[in-house]
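Okay, here's what each chain looks like letter by letter:
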Amino acid sequence: MFGRPASRVHEYTKLGQWRTDPTTIHLPKADFVSPLNKLLDRTDIKHVKEAAEKAFGGAGLPYSVATPEAKRNIPQKAVAMEAGHHKMSEIEADAYIATNLPGMYASVMSILVEIRKRLGSEWVSKLISRGNGEGPRVLDVGAGGAGLAAWERILQAEWELISEGGKSPVHQPPGKKTVVVGSNQLRERISRFLHNTTFLPRLPDYLHSGNNPDMLDASDKPLPRKSFDIIIASHLLMPLKEGYQRKALLDNLWEMLSPEGGILIFMEKGHPRGFEAVADVRSRLLNEFIVSPASDPRPEAIEVEAQREREPGMIVAPCTNHKECPMYLTPGLSGGRKDFCHFSQRFIRPPFLQKVLGATHRNHEDINFSFVAIQRGALPNTAVTTAPEQNGNVADRAFKGYEKATEEPNPLSLPRNILPPLKRRGHVTLDLCTPAGKIERWTIPKSFSKKAYHDARKARWGDLWALGAKTRVSRAIRLGRGGTAPNDGGVRSRAAKQGNKPRVIHLNADSSGIYSAYEKVKVHGPAGRRTKGGKKEQLEDLMKELREDGFT
């Protein structure tokens, strides 16, 4: 689960690998697949398929957590059915668990494995021993229990490692699990595979309790507060259309997060709208919630208002910098965005999902997701994992490579592959997000280093890269209409550079004055519909505009 040692690769390459073991996730049969399979056997799978296609956008289920390649050009929407919905019929609950839970399990498992690698095995073992054996407190909100199922596997593996003699322990690992599920029908089904779990009908609201007297609707007495060591917030941002709603959600979850090393995970679908939702949360966390040695100075507020006191913390994954995201230079939505930060995880579909999708040629699926994981404070009695200074010098050191270094590099000072490597004959090209907060393209030819070239051919999407490169160039980022990066090279970028180009109108005139005018305009995309009086109407509009400007 935590990575099998690969032969012949450098130890620092293994240090930065992003992958589970095996790399294709097999959902746990006894604890996850079999209970759901038995549950769905009560209903004809044909009816489940019809309900799923009705709720999640038709064939391929593009509005579920899945990201089918064939549906990538349709409007990018949130997951159509949330675990927190209070009104859900029996067949809708069956459709939800059949279509969403397997993909959510694979995504959360991939994220938790990466967090465990970056924080070390001591992170989980310290959580197990927390509170005199009370164990970790985990909240799953949005994933419908799939996040807790993935956490149970991580916890069980670590529990077996720390047990004496490596033998299977007599009792289960300690800890408290909580999941937010709104519907009684869905809660009944999820309880079949989640045991010893607290179910909440909705997320507690700690913003309007007695501890916030400045708020008009705050109560006099503070509510008894729960604190969690890990909060898994899945697919919660996109359904919220207004900025103040997302702000309130983040504030509330932060109030629930333990200040002693708590981990907050935000995850969305792996498409541009999902990335922008996660990037907006990341930006706000860096500017308002946490401060680290690598954070940029906070801009002074224009309006004087009560500001939150920033606390020690850091981004655990996927970013290796605490600067402005180079793929989110302009806040908000960007139409036409081509480049965005996301990752992929392959998993084996369970039989019921195969039948719902009507799949016959392959039984695996690649699910794409965007996420950010933030740590608040640090665990007590633990060596504090801090982000190193992230600037050009750190990026330059990573470019030289650590192949012959005697001291192990800090993983948070290494660049990360944000796209699948381009492997060509004699060289490998990596698109990396560097610790300096820039997107660069590094080339590792065979002449640079035999070991680096060998490991580069083994590199995968999401890996940290420690062995340097021979050449590096800035990679153009295609951000769409929301923000044009320099040296983009795209159609919109070239048009933006000519934004101040003077308007040229050709006039035809005689002794009586101007009798016609036309303007050549380069139009991108499909031509408009040609009508019989179309040209005449355009001429009349242009002549009217000229008369208004004083031309006769």
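Residues numbered from 1 in each chain as written. Predicted model: local features only at pLDDT ≥ 70, side-chain atom pairs only at ≥ 80, totals over all residues. Heavy atoms only, no water.

Asks: Could you give me a rundown of the side chain of Arg282, with the residues and numbers involved?
Replies: You can see Arg282 is positioned in helix H11 (residues 272-289). Those residues in contact with Arg282 that sit more than four places away from it in its chain are Ile315, Cys319, Asn321, His322, Lys323, Glu324, Cys325 and Val372. (Helix = DSSP H or I, 4+ residues; strand = E, 2+ residues; numbered from the N terminus. Contact = heavy atoms within 4.5 Å.)

Asks: Outline the packing of aromatic side chains, supporting the account with residue identities and numerical values.
Replies: All told, the structure shown has 10 aromatic pairs when counted by the stated rule. Note on Phe32 and Tyr105: the rings are 5.2 Å apart at their centroids and 35 degrees apart in plane angle, and the pair reads as tilted. In this pair, Phe32 sits in helix H2 (residues 29-40) while Tyr105 sits in helix H5 (residues 101-119), placing the two residues 73 residues apart along the sequence. Following the ring pairs from residue to residue traces out a cluster consisting of Trp18, Phe343, Phe369 and Phe371. The aromatic ring of Tyr402 is capped on one face by Arg397, whose charged end is 4.3 Å from the ring centroid. Note that Arg472 overlies the ring of Phe399, its terminal NZ or CZ placed 4.9 Å from the centroid. (Phe/Tyr/Trp six-rings, centres within 6.5 Å; stacked < 30°, edge-to-face > 60°. Lys NZ or Arg CZ within 6 Å of the ring centre and 35° of its normal.)

Asks: Account for a positive patch on the surface, with residues named and values stated.
Replies: On the surface, Arg8, Lys423, Arg425, Lys446, Lys450, Arg457, Lys458 and Arg460 cluster together into a patch of positive charge. When residues in the positive patch are grouped by element, the largest group, 3 residues, is from helix H14 (residues 450-458). On the basis of relative accessibility, which here comes to 84%, the residue Arg425 falls in the exposed class. (Patch = residues over 30% accessible without salt bridge, like charges linked within 9 Å, V, L, I, M, F, W, Y side chains within 5 Å. Areas by Shrake-Rupley, 256 points an atom, 1.4 Å probe, with all protein chains shown as cover. Salt bridge = Lys/Arg side-chain N within 4 Å of Asp/Glu carboxyl O. Lys, Arg positive; Asp, Glu negative; His and termini not counted. Charge placed at Lys NZ, Arg CZ, Asp CG, Glu CD. Buried < 20%, exposed > 50% of the residue type's maximum accessible area, 1.4 Å probe, protein only.)

Asks: Give me the lowdown on the nonpolar core, citing residues and values where you can.
Replies: Of all hydrophobic cores here, the largest spans 85 residues; its most connected members are Phe32, Tyr105, Ile115, Trp123, Trp151 and Phe371. Among the elements that line this core, the one with the most residues is H5, at 11 residues. Leave out the neighbours within four places in its chain, and Trp123 touches Ile115, Arg116, Trp151, Ile230, Ile263 and Leu379. (Core = buried A, V, L, I, M, F, W, Y, C linked by side-chain atoms within 4.5 Å.)

Asks: Help me get a handle on unusual backbone geometry, residues and values and all.
Replies: A cis amide bond links Asp21 to the next residue, Pro22, at an omega of 0 degrees. Mapped onto the elements, Pro22 comes out in the loop between helix H1 (11-15) and H2. Following Ala317, the chain continues into Pro318 via a peptide bond in cis, with omega recorded as -5 degrees. Relative to the elements of secondary structure, Pro318 occurs in the loop between strand S7 (311-317) and strand S8 (343-348). One non-glycine residue, Leu61, lies in positive phi territory at about 55 degrees. Along the chain, Leu61 falls in the loop between helix H3 (45-55) and helix H4 (90-99).

Asks: So what's going on with the confidence of the model for the protein chain? Residues and values would help.
Replies: Confidence in the prediction for the protein chain averages 81 pLDDT; 80% of positions are at 70 or higher. Across residues 483-487, where pLDDT falls below 50, the model places 8 contacts with residues more than four positions away in sequence or in other chains. (pLDDT = per-residue confidence, 0-100.)

Asks: Report on the state of the cysteines, specifying residues and quantitative values.
Replies: Here a disulfide denotes one covalent bond, and it connects the sulfur atoms of two cysteines. For the structure shown, the criterion picks out 0 disulfides. The structure places no disulfide on Cys319, whose sulfur is separated from the nearest cysteine sulfur, that of Cys341, by 6.2 Å. Taking relative accessible area as the criterion, Cys319 reaches 15% and is therefore assigned buried. (Disulfide = S-S within 2.5 Å.)

Asks: If you had to explain the environment of Glu288 to someone new, which residues and values would you point to?
Replies: Inspection of the secondary structure assignment puts Glu288 in helix H11. Residue Glu288 is classed as partly exposed on the basis of its relative accessible area, which comes to 26%. Between the C-alpha atoms of Glu288 and Arg310, which are 22 residues apart in sequence, the distance is 6.1 Å.

Asks: Could you give an account of the pairing of S7, with specific residues and numbers?
Replies: Most of S7 is tucked away, with 6 of its 7 residues classed as buried. The pairing of strand S6 (residues 290-291) with S7 spans 2 bridges and is parallel. Bridging from a neighbouring strand, Ile290 pairs with Glu311 of S7. Two strands pair when backbone bridges link them, and S7 and strand S9 (residues 364-376) are joined in this way by 4 bridges, in the antiparallel orientation. Paired with Met314 across the bridge in S9 is Gln375. (Pairing = 2+ DSSP bridges.)

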